[in-house]
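# Architecture at a glance
Listed here are the chains, written in short residue letters.
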Amino acid sequence: MNDLPVIVVGAGPVGLAAAAHLHNEGLPFIVLEAGEHAGWSVSEWGHVRLFSPWKYLVDDTARALLEDHGWVAPPGDDIPTGAELVHQYVRPLADHPALATSIRTGTRVRTVTRSGADKLSSNSRDQRPFEVHVETTDGHEEVLTARAVIDASGTYENPNPLGASGTPAPGERAAADRLFYRIPDVRGRDRERFVRARVGVVGSGHSAFNTLLDLADLPEGERPHVTWFIRSETTGRIFGGEDADALSERGALGRRMRELAESGHLEVKPGFRAHRVAMEGDGVRLQSVGGDTSAPLDVVVVVTGFRPDLSILREVRAELDPTVEAPSALAPLIDPNIHSCGTVPPHGYRELSHPETDFYVVGMKSYGRAPTFLLLTGYEQVRSVVKALSGDLEAAANVQLVLPETGVCGTDVASDAAGQSCCAPASESYPSCSTEPQLVSIGLDRSRS
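Residues numbered from 1 in each chain as written. Predicted model: local features only at pLDDT ≥ 70, side-chain atom pairs only at ≥ 80, totals over all residues. Heavy atoms only, no water.

## A short note on the overall build of the chain
For the record, the criterion: Counting from the N terminus, the helices are DSSP H or I runs at least four residues long and the strands are E runs at least two residues long. Working definition: with a 1.4 Å probe on protein chains only, accessible area under 20% of the residue-type maximum means buried, over 50% means exposed, and in between means partly exposed. Throughout, a residue-residue contact means that at least one pair of heavy atoms, one from each residue, lies within 4.5 Å. What sets the accessible areas is the Shrake-Rupley method with a 1.4 Å probe; for residues, cover comes only from the shown protein chains.
Looking only at helices and strands, one finds 12 helices and 17 strands in the chain. Of all 449 residues assigned to the chain, the portion counted as buried reaches 55%. For the chain, restricting intrachain contacts to residue pairs at least 6 apart in sequence, the fraction spanning at least 24 positions comes to 71%. If you sum the accessible surface of the chain, you get close to 18100 Å²; carbon and sulfur atoms cover 46% of it.

## Brief notes about helix α11 (residues 375-390)
The α-helix winds at 3.6 residues per turn, so residues separated by three or four positions along the chain end up facing the same way. What counts here: Helix span is expected to be 1.5 Å times the residue number reduced by one.
Taking 1.5 Å as the rise per residue, α11 with 16 residues should run 22 Å; its terminal C-alpha atoms sit 23 Å apart, in good agreement. The buried fraction of α11 amounts to 14 of the 16 residues, a majority that puts the element mostly inside the structure. Following α11 by one or two positions, glycine 391 adopts a phi angle in the positive range, close to 95 degrees.

## What about the packing of aromatic side chains?
Put simply, the rule reads: Stacked, tilted and edge-to-face are the three classes applied to pairs of Phe, Tyr and Trp rings, where Trp contributes its six-membered ring and a pair requires centres within 6.5 Å; stacked means planes under 30 degrees apart, edge-to-face means over 60, and tilted covers the rest. Ring-over charges, as used throughout, are those where CZ of Arg or NZ of Lys falls within 6 Å of the ring centre and within 35 degrees of the ring normal.
Tallied over the full model, the rule gives six aromatic pairs. The ring centre of phenylalanine 130 lies 3.8 Å from the NZ or CZ of arginine 114, which sits over that ring. Its end group placed over the ring of tyrosine 156, arginine 182 keeps NZ or CZ at 4.9 Å from the ring centre.

## Focus on the sheet that holds strand β6 (residues 130-136)
Convention followed: By definition, two strands form a pair when at least two bridges between them are found by DSSP. Each axis is a line fitted through C-alpha atoms, taken for helices only over the stretch in contact, and angles between the N-to-C directions span 0 to 180 degrees.
Pairing is antiparallel in the open sheet, where three strands are placed in the order β5-β6-β7. Edge positions in the open sheet fall to β5 (107-114) and β7 (141-146), since each of these has one partner strand only. On average, adjacent strands in this sheet sit at an angle of 25 degrees to one another, irrespective of strand direction. As paired strands, β6 and β7 are joined by six bridges and run antiparallel to one another. Note that in β7 the partner of histidine 133 across the bridge is valine 143.

## Some points on the pairing of strand β8 (residues 148-151)
The two faces of a sheet get side chains in turn, since along a regular strand they alternate between them. Burial along β8 is two-sided: the residues Ala148 and Ile150 and Val149 and Asp151 are all buried. Here strand β1 (residues 6-9) pairs with β8 via four bridges, running parallel. When the bridges of β8 are listed, valine 6 appears paired with alanine 148. Here β8 pairs with strand β16 (residues 359-361) via three bridges, running parallel. Looking at the pairing, isoleucine 150 lines up with tyrosine 360 of β16.

## Considerations on the nonpolar core
It is characteristic of soluble globular proteins that their nonpolar side chains tend to be buried jointly. For clarity, the cut-off: Among buried residues, those of type Ala, Val, Leu, Ile, Met, Phe, Trp, Tyr and Cys that are joined through side-chain atoms within 4.5 Å constitute a nonpolar core.
In terms of nonpolar packing, the biggest core is built from 86 residues, with Tyr89, Val201 and Trp228 touching the most fellow members. Per-element accounting of this core gives the leading share, eight residues, to α11. Within the second largest apolar cluster, 16 residues are counted, among which are Val9, Leu32, Val132 and Phe359.

## Some words on unusual backbone geometry
Even without glycine at this site, arginine 196 takes up a positive phi of about 55 degrees. If you trace the backbone, arginine 196 turns up in the loop between α6 (191-194) and β10 (198-202). You can call arginine 196 exposed: its relative accessible area is 58%. One non-glycine residue, aspartate 358, lies in the positive phi region at around 65 degrees. As for its position among the elements, aspartate 358 is in the loop between α10 (349-352) and β16.

## Examining the pairing of strand β15 (residues 299-302)
Residue alternation in β15 divides its side chains into two sets, Val299 and Val301 and Val300 and Val302, and both sets are buried. As defined by bridge partners, strand β9 (residues 179-180) adjoins β15 across two bridges and the pair is classed as parallel. Of the residues in β15, the one forming a bridge with leucine 179 is valine 300. Here four bridges tie β10 to β15, and the two strands are oriented parallel to one another. Bridging from a neighbouring strand, valine 202 pairs with valine 302 of β15.

## Section: the side chain of histidine 21
Mapping histidine 21 onto the fold places it in helix α1 (residues 13-24). Not counting the four nearest positions on each side in its chain, histidine 21 is found in contact with Asp59, Thr61, Tyr379, Val382, Arg383 and Val386.

## Describing the confidence of the model for the chain
Put simply, the test is: pLDDT: the predictor's confidence for each residue, scored from 0 to 100.
On average, residues of the chain score 85 in pLDDT, and 84% of them are at 70 or above. Predicted confidence for residues 406-449 stays below pLDDT 50, and this span has 176 contacts to residues more than four positions away or in other chains.

## Some points on the sheet that holds strand β12 (residues 267-269)
Strands pair in a sheet through their backbones, by hydrogen bonds, and they do so in one of two ways: parallel or antiparallel. Reading across from one edge, β9-β15-β10-β11-β12 is the order of the five strands in this open sheet, with parallel pairing throughout. At either end of the open sheet lies a strand with only one pairing partner, and these are β9 and β12. In terms of strand pairing, strand β11 (residues 225-229) meets β12 through three bridges, oriented parallel. Bridged to threonine 227 within β12 is glutamate 267.

## Description of helix α3 (residues 60-68)
Where we set the bar: To be clear, the arc concerns the directions from the helix axis to the C-beta atoms.
Among the residues of α3, Thr61, Ala62, Leu65 and Leu66 are the ones counted as buried. The buried residues of α3 occupy an angular sector of 135 degrees when projected down its axis, which confines them to one face. The exposed set on the far side of α3, more than 90 degrees from its buried face, consists of Asp60 and Asp68. Residues of α3 that are buried in the fold lie against α1, α4 (82-95) and α5 (97-100). Positive phi shows up at glycine 70, right after α3, with a value of about 95 degrees.

## Brief notes about the pattern of salt bridges
As a reminder of what qualifies: Salt bridges are defined by distance alone: a side-chain nitrogen of Lys or Arg within 4 Å of a carboxyl oxygen of Asp or Glu.
A full pass over the atoms with the stated rule returns 21 salt bridges. The residue lysine 365 makes a salt bridge to aspartate 151 at a minimum N-O spacing of 2.7 Å. Here aspartate 151 lies in strand β8 and lysine 365 lies in the loop between β16 and α11, a separation of 214 residues in the sequence. Across the pair, exposure class does not vary: lysine 365 and aspartate 151 are buried alike. Overlapping salt bridges bring together Arg114, Arg125 and Glu356 as one network.

Quick look at the structure:
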């Protein structure tokens, strides 16, 4: 079975890093990407700038591969947009001769299982190869076999619903054509949808900030009427460290958002936990749990975070934390209900292991619903996992990760019941805070776009 390839699901930055490490170890592999090209999901928010500079966005093994092929890294302190990350790093890595012939795009994984054994069967389970059932964009179905599976498919295709209870609110599905679940390109491809419209934005993280600031930047004659719905009772903590933030781009985003919220040009609805969506004429109304109802809206931007799609793992013996939906050993290290800034320790194959031998979830998906994931952490995850698959358990267990000291948290973290980490974009459930952080934020920055 060891002559079979390792299948990597997803050709984003972490999936391609896994491929680079597998190549480095001489292990055969196949990378399956549902999108049209590597980095497809990142391209979907390509108009948005990250917080972090290039020096924190490139995997070391991938860098060595690229540089041996003549690639010149962008200046380390420059901060790319999503599109620049794809075109200057992800696509060149995917096109590298060592990887290119093993990457299949337009190929969506439908399920992962063991050959001839469903989830219930234990008979010689670990000796059976994996079966990965895929479907191509033209509808062709195929079953691939593998000695191991690394799921780096991310969470971007599975946004959280509008409903504050974690499920779609009554009426949400019926109003789908009025709802927008990602950061819109207000100044580009999505512009016409927002010009002079009645717009609602639901969410209090940096994705919401980007959206609100882009809407405010439209010319005065095109500017929509915008209502900002947040679940917090006040806006006091959600703007982050602002000028005191060691990541200046993140701080500038929070500062600009505070200025907009205080300008009077934005209607703010705090304490609004969406409970129902009702169609009214050519618009929709949102109703809060407390009964408060919005004015009619033409479009509602829902930026309440993302969650992992676990459907492809139904026949895999995956052990996931019931709260965070991360691997059980990893969950206590990242749970935003108890986790404080800078306390996520380096972790590798042990924390990412499941009862299903040689199956791993890595990258953003490994963090389940927690909003604290860092690309550097994902790169160390796949280094450890690939070392384990190569049989070098000593190197796999020697997990080391040096992260720069960045960020600033709020002044009262001890009283924050969520124990929120400031080291990633704030989400709707866990707004920004801070203490003495050690992690770099891989969030999105509107201030330099």
